[in-house]
Amino acid sequence: MTMETKLVGTKIIKVSLIVFGLLIAVMAIFWAGMMTGFRKARFSYQWDKNYNVLFTRGPGHKMPPMGDVRGREFMDANSAFGLVIGVNSSTLIIKGDDDIEKSIFITNQTVIRRGPETIGAGDIKSDDRVVILGVPSSTGQIEARLIRLMPKL
Amino acid sequence: MPKFSNLFEETVYLAVKDSRLVTPSATLADRVLFAIERKKRFYASVKLAIYSLVTITSSIGLAVVWRIEGSAIINSEAIQLLSLLFSDFSIVASYWQDYAFSLLESLPVVSIIVVASFAWAACASLWMAARTYKTFNHRAVVRV
């Protein structure tokens, strides 16, 4: 094998590895996008299906005008950020910046924090600004794992 | 004078015989190289002008786009979720899969793509302009 053949072979291998690596990266990104979209679509469907149960019987209920929630983008299924508009011992109603309400279910595993302190569900008041990390439930709620109260501006 | 079968062979013979016709001047090589270099510098200056124009345009576009989309990025839920990484790292680490999905869901992708595209165009065109300027600025062209 001549030197030129060796060099060309090395270059082909290098280019092939780069192309293959890029393909893998693109497919991984595509998969992540599909999974995210599916989760959002599924949660949005469950939220819409259970809207009457969650928001007309729960605290802070507000029935939106017909067609108000149609045509919007799918909702985030694992988190919520916004203003507390309704609260009781086990449920929060959050209104996001997109004016969509979400029902947050507080469990025994939920950690609620304000600053460095851990507080109880009873310390959450209306008009508090919160960030919530959780798990979507089959009833269109988010089971909160962490609720962090943001400082008032 | 030998006999030739065609006019071409006779012409070549006469041209070679008279060495003045085929002997180049002493400065021909330098003049050719100078002409090539001058052409290269002309094309480089055209490229530099185009890259500079793209840099200026994309920089202005970046400022405009940031004004429109910047608040969407800064006030997005993703930034708030990122702050949880610093304030509540242990809980975020426990539910890292849910956290990862929540970040992916809340990213303002379109805004980021638009801003990043303009920023990339500005940086890339600036880099190309600097490279073109550096390549052709220090070359000395000696007139023959």
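Quick look at the structure, then. Every value quoted in this text rests on a predicted model; they were computed, and no experiment measured them. (Residues numbered from 1 in each chain as written. Chains lettered and ligands numbered in written order. Predicted model: local features only at pLDDT ≥ 70, side-chain atom pairs only at ≥ 80, totals over all residues. Heavy atoms only, no water.)

### A word on a nonpolar patch on the surface
Now for step 1: Among the surface-exposed residues, Val15, Val19, Phe20, Leu23, Ile24 and Met27 of chain A lie close enough to one another that they form a single nonpolar patch of about 580 Å² accessible area.
Now for step 2: Following the sequence through the fold, leucine 23 of chain A ends up in helix H1 (residues 3-49). (Patch = residues over 30% accessible without salt bridge, like charges linked within 9 Å, V, L, I, M, F, W, Y side chains within 5 Å. Areas by Shrake-Rupley, 256 points an atom, 1.4 Å probe, with all protein chains shown as cover. Salt bridge = Lys/Arg side-chain N within 4 Å of Asp/Glu carboxyl O. Helix = DSSP H or I, 4+ residues; strand = E, 2+ residues; numbered from the N terminus.)

### Here we look at the nonpolar core
Now for step 1: Counting residues in each nonpolar core, the largest one holds 25 residues, and the members touching the most others are Leu92, Ile104, Ile112, Ile132 and Ile147 of chain A.
Now for step 2: Of all the secondary structure elements, the ones that give two or more residues to this core are H1, helix H2 (51-55), strand S1 (79-87), strand S2 (91-96), strand S3 (101-114), strand S5 (129-136) and strand S6 (142-149) of chain A.
Now for step 3: Per-element tally for this core: the top contributor is S6 of chain A, with four residues.
Now for step 4: Residues in contact with isoleucine 104 of chain A, not counting those within four places in the same chain, are Ala80, Ser90, Thr91, Leu92, Ile94, Ile132, Ile142 and Ala144 of chain A.
Now for step 5: Within the second largest apolar cluster, nine residues are counted, among which are Val131 of chain A together with Leu81, Leu84 and Val92 of chain B. (Core = buried A, V, L, I, M, F, W, Y, C linked by side-chain atoms within 4.5 Å. Buried < 20%, exposed > 50% of the residue type's maximum accessible area, 1.4 Å probe, protein only. Contact = heavy atoms within 4.5 Å.)

### Things to note about the pairing of S1 of chain A
Residue and element names in this part refer to chain A.
Now for step 1: When S1 meets S5, the two strands line up antiparallel, connected through five bridges. Each residue of the ladder has a partner; that of alanine 80, found in S5, is isoleucine 132.
Now for step 2: With five bridges joining them, S1 and S2 adopt antiparallel strand pairing. What sits directly across from valine 84, in S2, is isoleucine 94.
Now for step 3: The turn joining S1 and S2, which pair antiparallel and follow one another in sequence, is formed by three residues. (Pairing = 2+ DSSP bridges.)

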